[in-house]
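# Structure at a glance
Single-letter residue listing:
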Amino acid sequence: MFLRRPPALAAWLAGAAAAAGRGGAQGGGLLALLANQCRFVTGLRVRRAQQIAQLYGRLYSESSRRVLLGRLWRRLRGRPGHASALMAALAGVFVWDEERIQEEELQRSIDEMKRLEEMSHMFQRSGVECHPPEPKSQREGNEDSGGKEQPWEMVMDKKHFKLWRRPITGTHLYQYRVFGTYTDVTPRQFFNVQLDTEYRKKWDALVIKLEVIERDVVSGSEVLHWVTHFPYPMYSRDYVYVRRYSVDQENNVMVLVSRAVEHPSVPESPEFVRVRSYESQMVIRPHKSFDENGFDYLLTYSDNPQTVFPRYCVSWMVSSGMPDFLEKLHMATLKAKNMEIKVKDYISSKPLETGSEAKATTPSSERKNEGSCGPARIEYA
């Protein structure tokens with residue numbers, strides 16, 4: 001049995017059908033007007049989308065647009081506040097809620113240092129070679145998935161410097177880990193020199209550009225743009241990454257964590273190769289205090305420099321370049337100490353008080369192609 005239409009609706013439909021059938025001089029009636037209005041609104045939205053696409057097409061390369069759109073889609077999918085996030089993305093606003101470095105990331109790095117210290121002390125007594133421990137979260141994930149994490153391989157073993165590497169599953173790349181000791185500088189000096197971007201431009205000849213783009217008022221995280229020379233004849237590489245540091249006076253430890261991000265104010269440049277996969281964690285443990293000579297450090301590092309060289313070539317460059325960089329950092333710390341060079345004290349000041357250059361950044365002068373780089377001189381921030 002068919003349901004009867006309400007009289008008013010039936011009358012309206014009959015009138016609209018009659019008007020649509022008459023067409024011509026009366027403009028097609030209500031349905032024609034409604035269709036015209038829909039076409040008008042749809043046309044406006046299509047033109048607006050085309051304008052936005054053209055704007056981003058001028059600002060970003062095709063690969064950058066894919067990355068931005070993919071991340072935007074993952075953030076907005078199934079999220080209640082997707083409209084405001086979409087407007088922020090289109091307006092070129094960096095979404096700190098998604099990209100800031102969390103407390104959990106800092107704590108994981110500190111926990112890794114604790115486990116390595118415990119294993120180092122245990123193996124020193126037995127005289128057995130010590131390998132870096134695998135993070136607990138990774139072990140549990142591997143057990144659940146049935147996979148097996150690649151073991152660490154010793155690359156360099158010196159009295160105060162040990163370097164390991166292990167393959168990153170599913171890639172041709174390695175993750176590297178350094179455990180070392182310095183006894184002639186203080187932890188405070190070493191930590192400050194590593195964080196001070198202005199001083200690094202003076203002691204690191206490979207830096208083309210290094211500046212703070214934006215700071216997070218909640219966590220003190222910073223977004224930096226770093227451009228560095230790569231061995232000739234490769235193009236220079238540029239990194240956009242977020243970093244956050246923490247100083248725990250009570251537990252006598254300092255930590256600095258960095259990882260790659262995308263930032264709307266730093267589009268990809270055809271002059272450089274953008275490195276999109278980059279992670280670095282540095283943990284420093286003073287032997288006594290922050291202001292007395294002597295400390296141990298743990299550096300864990302990985303990136304994808306997007307080279308066409310085989311894995312063993314890239315591994316050789318990184319394995320040779322990492323000790324070189326750490327020694328340059330060490331010598332810069334000694335120089336700052338002996339010559340009393342002014343370096344920002346990041347320990348006594350809060351993260352948001354370490355400078356005001358981030359809000360309105362001034363482009364630093366770039367030294368284009370100034371000299372050539374040795375085959376093993378790759379930098380780590």
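Preceding block: the structure.
Description of the structure in this document. Given the structure is predicted, the values throughout are model-derived calculations rather than measurements.

Looking at the secondary structure, you find Thr 181 in strand β3 (residues 174-182). Assessed through its relative accessible area of 17%, Thr 181 is described here as buried. With residues up to four places along the chain from it excluded, the contact list for Thr 181 reads His 160, His 287, Phe 295, Asp 296 and Tyr 297.

The next point concerns helix α10 (residues 311-338). Look at α10: 40 Å from first C-alpha to last across 28 residues, which is about the 40 Å you get at 1.5 Å a residue. Glu 340 lies just past α10 and shows a positive phi near 55 degrees.

What follows concerns the environment of Val 308. Counting through the fold element by element, Val 308 comes out in the loop between β10 (295-303) and α10. On the accessibility criterion, Val 308 (79% relative accessible area) is exposed. Between the C-alpha atoms of Val 308 and Met 234, which are 74 residues apart in sequence, the distance is 10.0 Å.

Core analysis: the largest hydrophobic core is formed by 47 residues, its most contacted members being Tyr 297, Met 322 and Leu 326. Examining the composition of this core, we find that 10 residues originate from one element, α10, more than from any other. With residues up to four places along the chain from it excluded, the contact list for Tyr 297 reads Met 113, Phe 161, Val 178, Phe 179, Gly 180, Thr 181, Tyr 182, Met 282, Val 283, Ile 284 and Leu 326.

In the contact formed by helix α8 (residues 187-195) and α10, the axes pass within 9 Å of each other and the chain directions differ by 110 degrees. One element, α8, and the other, α10, form an angle in the roughly perpendicular class. As α8 packs across α10, the resulting crossing turns out to be right-handed. Every residue of α10 that contacts α8 at Gln 189, Phe 190, Val 193 and Gln 194 is listed here: Leu 329, His 330, Ala 332, Thr 333, Ala 336 and Lys 337. Residue classes in the contact of α8 with α10 are distributed as five nonpolar, four polar and one charged.

Quick notes on the rules
- Residues numbered from 1 in each chain as written.
- Predicted model: local features only at pLDDT ≥ 70, side-chain atom pairs only at ≥ 80, totals over all residues.
- Heavy atoms only, no water.
- Helix = DSSP H or I, 4+ residues; strand = E, 2+ residues; numbered from the N terminus.
- Buried < 20%, exposed > 50% of the residue type's maximum accessible area, 1.4 Å probe, protein only.
- Contact = heavy atoms within 4.5 Å.
- Expected span 1.5 Å × (residues − 1).
- Core = buried A, V, L, I, M, F, W, Y, C linked by side-chain atoms within 4.5 Å.
- Axes fitted to C-alpha atoms, helices over the stretch in contact; angles between N-to-C directions.
- Parallel < 35°, antiparallel > 145°, perpendicular 65-115°, else oblique.
- Left-handed = near helix turned anticlockwise from the far one by under 90°.
- Nonpolar A, V, L, I, M, F, W, Y, C, P; charged D, E, K, R; others polar.

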